[in-house]
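Per-entry structural report
The lines below spell out each chain.
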Amino acid sequence: MGFVVGLVIGLAVGITIIIGFVKAENYRSKLRSELANTVAAFARMTVEDSRKLLPAEFYPSWVVFSERQKLSLLSKILPLLRKILPLCELLTWLNHHLTKIWPYVDEAASELIRASVEPVLEQYRPAVVASLTFSKLTLGTVAPQFTGVSIVEGDENGMTMELDMNWDGNPNIVLGIKTLVGVSLPVQVKNIGFTGVFRLIFRPLVDEFPCFGAVSVSLREKKKLDFTLKVVGGDISAIPGLSDAIEETIRDAVEDSITWPVRKVIPILPGDYSDLELKPVGMLEVKLVQAKNLTNKDLVGKSDPFAKMFIRPLREKTQRSKTINNDLNPIWNEHFEFVVEDASTQHLVVRIYDDEGVQASELIGCAQIRLCELEPGKVKDVWLKLVKDLEIQRDNKNRGEVHLELLYVPFGAGSNGIVNPFASSSMTSLERVLKNDTTDEENATSRKRKDVIVRGVLSVTVISAEEIPIQDMMGKADPYVVLSMKKSGAKSKTRVVNDSLNPVWNQTFDFVVEDGLHDMLVLEVWDHDTFGKDYIGRCILTLTRVIMEEEYKDWFPLDESKAGKIQLHLKWMAQSIYRDS
């Protein structure tokens, strides 16, 4: 009897517990459903809805309404978080949550990388390779670590955030390579080490949660990218040059697919975000004039310098000058054009090499100039000091200097009041013009290119010189000047001024110039001796300034000389003509 009573009581208690548990679960489910509905309602809330709930005076100071009624919450959230949390705690919070969601990020990022990078790999694949694709691609189990965060800029339309990131991961990346001879090689990319700065642009700001319509992702700065290549089951060195070619292809692919100013636009809310895509904003015209006092890299003779220039370090966007043999003070006088995509952050980089023929060229030095330093529509004449490495701030060794003339012209410059200084001659650059001489019907199918030939008379007055180095035993010199046009070869010379280190000539010479934008004026100062002559120094001038200003007077230092300067007065009388090319 006791057993039956105990059994009944046990069943009753068990049923009661089950019923209570079910009711509790139903109640929790109802609460979760109500919370989800509440979050969804807040997500759909607009500016007008929020104003109906609360008048403006009840909002905290970090919630503002713009004239366009966009809730600028996003640009306030991070500064607020940084006030509440120290930077180290904020980064810890970011890294903790990234680690938790990394498996999902890995899957999404792997597909994005495959879709965006694989076509670029095919574009830059080496000539000895028939095809280059990803056989396997996962980013592994180790999440990147954020080491810094900052707000770069913000306005009513968007906000820019930069994240410093470090990643020493364990990805599984295998490239499927097929050579021209039909051999298939699975190449594994191992030991990846990356340090860089990612830029996130939240734009446009809208009045719907999460307060921005799209996010643009770009690699703002690539501080380090190390990796090794290994043929699965073989040795990649068995094919000479293949490892270096594939490594260069991978670096070009990274540069061309995601490195700033290239960006990936990820829509968050439905809409047209084509205005966020990368677009050219202008052209940079570069005249590579000359270099001086270059370091000699040859044991016998002198270096054979040439220059490479780029804004983005891609093979098809890098331009190369001609080689000047056996000369540490080369004169190129060559002209190049570059597409500019972000004048506020991009640089022009110049690298001077010694041409070693069939062997790899040796770097003499490099230099760079920020495009934001150029005034649109104004020619900038600069001498840049060469350094060994652009990342090393201190380099006291004298590696020489390079002379450039630069002109940045934004697209649509005329509508912004910026005038190309050569527009009066129908020129689009320092040297050339694109001019359409066809009818509207012909314009749809062809454009005729013309070179501007600036023909005129250059009048040069050699006024005087000062601080000429001593050349004679008596502590004096007998200087005179030889003037020549580099392209036409026309020459003249001044009289000799005896026993003077500060000679005065005041002699004028006229040169008929057939192509002013491609010619140069060279002045060489010599010391006259009874049985010969001694070289003192020289001054090389392009005609860009005198063509633009028509007339000017100035002092110029003597190159290849310990001291000395020369005063000149130049005047230009031009007659522009055109020829088809």
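Residues numbered from 1 in each chain as written. Predicted model: local features only at pLDDT ≥ 70, side-chain atom pairs only at ≥ 80, totals over all residues. Heavy atoms only, no water.

**Re the overall build of the chain**
What counts here: Every helix listed is a DSSP run of H or I at least four residues long, and every strand listed is a run of E at least two residues long, numbered separately from the N terminus. Note on exposure labels: buried denotes an accessible area under 20% of the residue type's maximum, exposed denotes more than 50%, and partly exposed covers the range between, all computed with a 1.4 Å probe on protein chains only. Surface accessibility in these figures is a Shrake-Rupley result with a 1.4 Å probe; residues are shielded only by whichever protein chains are displayed.
A count of helices and strands for the chain gives seven helices and 24 strands. By the burial criterion, 43% of the 581 residues in the chain qualify as buried. Total accessible area computed for the chain in this model is approximately 31500 Å², and 55% of it derives from carbon and sulfur atoms.

**Notes on unusual backbone geometry**
The omega angle of the peptide bond from Arg203 to Pro204 is 0 degrees, so this bond is cis rather than trans. Assignment of secondary structure puts Pro204 in the loop between strand S5 (184–202) and strand S6 (214–231). Between Trp260 and the following residue, Pro261, the backbone shows a cis peptide bond with an omega angle of 15 degrees. By the secondary structure assignment, Pro261 is in the loop between helix H5 (242–257) and strand S7 (264–267). Positive phi values are uncommon outside glycine, yet Asn191 reaches one of about 50 degrees.

**Notes on the confidence of the model for the chain**
Rules: How sure the predictor is of each residue is captured by pLDDT, a score from 0 to 100. Residues count as neighbours in contact if any of their non-hydrogen atoms are within 4.5 Å of one another.
Across the chain, pLDDT averages 78, with 75% of residues at or above 70. Within the chain, strand S16 (residues 432–434) has the poorest average pLDDT of any element, 35, and strand S9 (residues 305–310) the best, 94. Within the model, the stretch residues 60–76 combines pLDDT values under 50 with 40 contacts to residues more than four positions away or in other chains. Across residues 422–451, confidence stays below pLDDT 50; counting only partners more than four residues off in sequence or on other chains, it has 67 contacts.

**Topic: the pairing of strand S18 (residues 479–485)**
What counts here: Strand pairing is assigned whenever DSSP detects at least two bridges linking the two strands.
Burial within S18 is extensive, with seven of its seven residues counted as buried. Of the pairings in the sheet, the one linking S18 to strand S21 (residues 520–529) comprises seven bridges and is antiparallel in character. Looking at S21, one finds that Ser484 is bridged to Val522. Examined bridge by bridge, S18 and strand S19 (residues 491–493) share three bridges and lie antiparallel to one another.

**Describing the packing of aromatic side chains**
Rules: Aromatic contacts are taken between Phe, Tyr and Trp rings whose centres are within 6.5 Å, Trp giving its six-membered ring; a plane angle under 30 degrees counts as stacked, one over 60 as edge-to-face, and the others as tilted.
Overall, the coordinates contain five aromatic pairs when judged by the stated rule. Considering the side-chain rings of Phe202 and Phe212, the 4.9 Å spacing of their centres and the 65 degrees angle between planes classify their relative orientation as edge-to-face. Of the two residues, Phe202 sits in strand S5 while Phe212 sits in the loop between S5 and S6, which places them 10 residues apart along the sequence. Exposure class is identical for Phe202 and Phe212. Each is buried. On the numbers, 5.5 Å between centres and 20 degrees between planes, the contact of Phe306 with Tyr353 is stacked. Of this pair, Phe306 sits in strand S9 while Tyr353 sits in strand S12 (residues 347–354), and the two are 47 residues apart along the sequence.

**Here we look at the sheet that holds strand S10 (residues 319–320)**
The sheet built from four strands is open, its strands ordered S10-S9-S12-S13 with antiparallel pairing. Only two strands of the sheet have a single partner each, and these edge strands are S10 and strand S13 (362–370). Pairing between S12 and S13: eight bridges, direction antiparallel. In the sheet register, Asp354 faces S13, and the bridge partner there is Glu362.

**A short note on the nonpolar core**
Across soluble globular proteins, nonpolar side chains show a tendency to be buried alongside one another. The condition that has to hold: In plain words, nonpolar cores are sets of buried Ala, Val, Leu, Ile, Met, Phe, Trp, Tyr and Cys residues tied together by side-chain atoms within 4.5 Å.
If you look at the biggest cluster of nonpolar residues, it comprises 44 residues, and the most contacted ones within it are Leu175, Ile177 and Val189. Elements represented by at least two residues in this core include exactly helix H4 (87–123), strand S1 (129–138), strand S2 (145–154), strand S3 (159–167), strand S4 (172–179), S5, S6 and H5. When residues in this core are grouped by element, the largest group, eight residues, is from S5. Sequence-distant contacts of Leu175, that is, excluding residues within four places in its chain, are made with Leu121, Leu132, Thr133, Phe134, Ser135, Leu185, Pro186, Val187, Val189, Ile246 and Ile250. The next biggest cluster of nonpolar side chains, apart from the first, holds 33 residues, and it includes Val460, Val497, Val513 and Val525.

**Focus on the sheet that holds strand S11 (residues 331–340)**
In a beta sheet, neighbouring strands are held together by backbone hydrogen bonds and run either parallel or antiparallel to one another. To keep things clear, this is the line we draw: Think of each axis as a best-fit line through the C-alpha atoms, taken over the contacting stretch in the case of a helix, with angles from 0 to 180 degrees between the N-to-C directions.
The antiparallel open sheet is built from four strands, whose spatial order is S11-S8-S15-S14. On the outer flanks of this sheet lie S11 and strand S14 (380–385), each paired with one strand and no other. Here the average twist between neighbouring strands, direction ignored, is 25 degrees.

**Overview of the pattern of salt bridges**
Side chains that differ in charge, positive against negative, can pair when their charged atoms come close. Using the following cut-off: For this document, the term salt bridge refers to a Lys or Arg side-chain nitrogen within 4 Å of an Asp or Glu carboxyl oxygen.
In the structure shown here, the tally under the stated rule is 16 salt bridges. Here Glu162 and Arg199 are joined by a salt bridge, their closest N and O atoms 2.7 Å apart. On the criterion of sequence distance, the pair formed by Glu162 in strand S3 and Arg199 in strand S5 is long-range, its members being 37 residues apart. Arg199 shares its class with Glu162; the two are buried.

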